[in-house]
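Residue-level structural notes
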Amino acid sequence: MLLLFFLATIVVASQGSDLGLSHQIHLLTPKSGSGGDYVPGLSCLSWRLGVETRNIIGWTTVPKECEGYVGLYMIGHQYREDSKVATNEAIFYVKSLKLTGDGKDVWVFDIDETSLSLLPYYAAHGFGAEPLNSTLMRQWGNKVKAPALPESLKLYKKLLSLGIKVVFLTGRPEDLRNLTATNLKHAGYHTWEKLKLKASSYTGKTALEYKSTERKKLEKNGYRIIGNIGDQWSDLLGTPTGNRTFKLPNPMYYAG
C-alpha cells in the first residue's frame, strides 16, 4: 500500500506530462488481489469492465481483493490512455461542428475525477476499497489543491479556443463554492460560464435527478448543450443529456 501511495505521488508530480512510470505497472494478473494471490471467482478486470459499462451499479466500495488491481490501473499508464480515448474523441467531434457563434453553445463538465483528480486522496485510502470518510476528504480538500486531469484540461482549452462556453456541474455542496473555484483556477481552469454546485434544496435527490434538473435549467435559459463529459453515469443519463456524452473511467467510487 505504501508503494502504491508513493507511486501515486509521483503521478501527481508529473500531472502535466506523460507518466514517468513503467508501462508495465498496470499489467497485473486480472485474477489477483493486492498481494498477487489468486481470488477464487473474481476477475478484477471483469469487475472494472462491469462498472464502466454500468452492468454493476449501486456498489459502495471496491472489492478488497481488487484494491491492488484498481490502484495499479489508476497510477499506471492505462488510466491516462483510457481518458485520452474519451477526450480525443470529444475534440474530434467538436471540431466537426458548425457553430453559430451566438454565445449559447455550452459544454458541461463534471468536476471530481473529470476536471480535477482526487487520486492523491484515494491513493492514501485504498483506491476506493475503504468506505468514504467525508470528514477526512473535506480536511484533505481544505489543505490540498486537487490537480487537473490533463486530458480534460486539454479538452477545456480546445473548447474555449472555438468559442464554446464551459459549465461546471458538480455534486459538491454549495458551501464548497469558494474552495472549488480557487482549486479550478489553480489547476488551469481560469474561466467558465457557470459553476453549479448542489444546493440544499436537492437534499434527498439522487445525483442523476439533480444533474438532469440543472441541465434542464440551462436549456430553459437558452443554452445549447453540445457536449457533456463525466466519470459517472449519473453525469450523463437523464434528460436532457446534451448532443453528445463522453464517459471517463473511474473504478474507485460510484455516484448514482
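Parameters and conventions
Residues numbered from 1 in each chain as written. Predicted model: local features only at pLDDT ≥ 70, side-chain atom pairs only at ≥ 80, totals over all residues. Heavy atoms only, no water. Salt bridge = Lys/Arg side-chain N within 4 Å of Asp/Glu carboxyl O. Helix = DSSP H or I, 4+ residues; strand = E, 2+ residues; numbered from the N terminus. Buried < 20%, exposed > 50% of the residue type's maximum accessible area, 1.4 Å probe, protein only. 1 Å grid on protein atoms, 1.4 Å probe; cavity = no way out; pocket = protein on both sides within 12 Å on 5 of 7 lines; lining within 4 Å. Points joined across faces, edges and corners; volume = space filled by probe spheres on them. Nonpolar A, V, L, I, M, F, W, Y, C, P; charged D, E, K, R; others polar. Disulfide = S-S within 2.5 Å. Axes fitted to C-alpha atoms, helices over the stretch in contact; angles between N-to-C directions. Parallel < 35°, antiparallel > 145°, perpendicular 65-115°, else oblique. Contact = heavy atoms within 4.5 Å. Pairing = 2+ DSSP bridges. Right-handed = clockwise from strand over helix to strand, strands pointing away. Phe/Tyr/Trp six-rings, centres within 6.5 Å; stacked < 30°, edge-to-face > 60°. Lys NZ or Arg CZ within 6 Å of the ring centre and 35° of its normal.

So, about the pattern of salt bridges. Inspection of every chain in the model, using the stated rule, returns 15 salt bridges. R138 is the partner of D175 in a salt bridge, and the nearest nitrogen-oxygen pair spans 2.8 Å. On the criterion of sequence distance, the pair formed by D175 in the loop between β2 (165–173) and α8 (177–187) and R138 in helix α6 (residues 134–143) is long-range, its members being 37 residues apart. According to the relative accessible area criterion, R138 is partly exposed, its value standing at 35%. One salt bridge in this structure joins E214 and K217, with 3.2 Å as the shortest N-O distance. One end of the pair is E214 and the other is K217, both in helix α9 (residues 207–220) and three residues apart, which spans about a single turn. Note on E214: relative accessible area 6%, which makes it buried. By relative accessible area, which is 38% here, K217 ends up partly exposed. It is possible to trace a salt-bridge network through shared partners that takes in D102, D105 and R224.

What follows concerns the layout of surface pockets. Here the largest pocket defines a volume of roughly 980 Å³. What lines the largest pocket is a set of 37 residues, and nearest its centre among them are D112, L132, G171, R172 and Y253. Within the residue set of the lining of the largest pocket, elements represented by two or more residues are α6, β2, α8 and α9. With seven residues, α6 is the single largest residue contributor to the lining of the largest pocket. Within the lining of the largest pocket, the residues separate by chemical class into 17 nonpolar, eleven polar and nine charged.

Here we come to the state of the cysteines. Considering all chains together, one arrives at one disulfide under this definition. Between the sulfur atoms of C44 and its disulfide mate C66 the distance is 2.2 Å. Disulfide C44 to C66: torsion about the S-S bond roughly -90°, handedness left-handed. With C44 in helix α2 (residues 44–52) and C66 in the loop between α2 and α3 (67–75), this pair connects stretches of sequence that are 22 residues apart. Here C66 falls in the buried class, since its relative accessible area comes to 0%.

Here we take up the packing of helix α4 (residues 77–95) against helix α7 (residues 150–161). Packing of α4 against α7 brings their axes to within 9 Å, and their N-to-C directions diverge by 10°. On the basis of the axis angle, α4 is roughly parallel to α7. In contact with R80, S83, K84, T87, N88, A90, I91, V94 and K95 of α4, α7 contributes P150, E151, S152, K154, L155, K158 and L159.

Further remarks concern the sheet that holds strand β1 (residues 105–109). Ordered by their spatial adjacency, five strands build an open sheet running β3-β2-β1-β4-β5, and the pairing between neighbours is parallel. Unpaired on one side and paired on the other, β3 (194–198) and β5 (245–247) mark the two borders of the sheet. Neighbouring strand axes in the sheet, compared pairwise and without regard to direction, differ in orientation by 20° on average. Where strand β4 (residues 224–230) meets β5, three bridges bridge the pair, whose relative direction is parallel. Directly across from I229, in β5, lies its bridge partner F246.

Attention now moves to the pairing of β2. By the bridge criterion, four bridges tie β1 to β2 in an arrangement that is parallel. Residue pairing for β2: V108 is matched across the bridge by V167. As paired strands, β2 and β3 are joined by four bridges and run parallel to one another. Counted as the bridge partner of V167 is K194 from β3. Crossover connection from β2 via α8 to parallel β3: handedness right-handed.

Turning our attention to the packing of aromatic side chains. Counted under the stated rule, the structure contains 16 aromatic pairs. An angle of 70° between the planes, with centres 6.0 Å apart, marks the rings of Y73 and Y79 as edge-to-face. The buried category is assigned to Y73, whose relative accessible area is 2%. Residue Y79 is classed as buried on the basis of its relative accessible area of 4%. Taking 5.7 Å as the distance between ring centres and 80° as the angle between the ring planes, the aromatic pair formed by F168 and W192 counts as edge-to-face. Of the two residues, F168 sits in strand β2 while W192 sits in the loop between α8 and β3, which places them 24 residues apart along the sequence. Overall, the relative accessible area of 0% leaves F168 in the buried class. Take W192: its relative accessible area is 22%, and that puts it in the partly exposed class. Within the aromatic cluster, the residues linked to one another by ring pairs are F109, Y156, F168, Y189 and W192. Sitting over the ring of Y223, K104 keeps its end group 4.8 Å from the ring centre.

Don't take any of this as a statement about function, it's just geometry.
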